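Letter by letter, the chains look like this.
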Amino acid sequence: QVQLVESGGGLVQAGDSLRLSCLASGRTFGNYRMGWFRQAPGKGREFVASIHWSADGTEYGDSVKGRFTISRDNAKNTVYLQMNSLKPEDTAVYYCASRRLTSSVYQYWGQGTQVTVSS
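Thresholds, definitions, all that
- Residues numbered from 1 in each chain as written.
- Predicted model: local features only at pLDDT ≥ 70, side-chain atom pairs only at ≥ 80, totals over all residues.
- Heavy atoms only, no water.
- Pairing = 2+ DSSP bridges.
- Helix = DSSP H or I, 4+ residues; strand = E, 2+ residues; numbered from the N terminus.
- Axes fitted to C-alpha atoms, helices over the stretch in contact; angles between N-to-C directions.
- Disulfide = S-S within 2.5 Å.
- Buried < 20%, exposed > 50% of the residue type's maximum accessible area, 1.4 Å probe, protein only.

Colleague: Report on the sheet that holds strand β7 (residues 68-73), specifying residues and quantitative values.
Modeller: The 4 strands lie next to each other as β1-β3-β8-β7, forming an open sheet whose pairing is antiparallel. This sheet does not close on itself; its edge strands, each paired only once, are β1 (3-7) and β7. Each strand of the sheet is rotated relative to its neighbour by a mean of 15 degrees, with strand direction disregarded.

See below:
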């Protein structure tokens, strides 16, 4: 059974940095793409970033380009989201997800981790 477990969320001040982690287990992910999404209170889910599990290539949402960086450690089966220059509008629950490369639908989701940025 696939499991995605996020960690690293917390309460920070505007301008601070935070790194989220997503530990993946339950299968091999070589043909999967890993993504980060977020959902703020009263808003829909927003794409943040994604990365191919075993090849180069990253994508970012417009609101985080230049501030957030997604990376992976294959040996640790972990995907990271480094978040710099955080803003209050980055406050949200952040979710890790994965999808097959042949699909546009993210099939597996983590439980989410709360990030709160105070002004």
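Next comes the rest of the write-up.
Colleague: Outline the state of the cysteines, supporting the account with residue identities and numerical values.
Modeller: A complete count under the given rule lists 1 disulfide for this structure. Two residues, Cys22 and Cys96, share a disulfide whose sulfurs are 2.0 Å apart. Between Cys22 and Cys96 the sulfur-sulfur dihedral comes to about -75 degrees; the bridge is accordingly left-handed. One end of the pair, Cys22, is in strand β3 (residues 18-25); the other, Cys96, is in strand β9 (residues 92-100), and 74 residues separate them in sequence. In this structure, Cys22 and Cys96 share a single accessibility class: buried.

Function-wise, these values are silent; they only describe arrangement.
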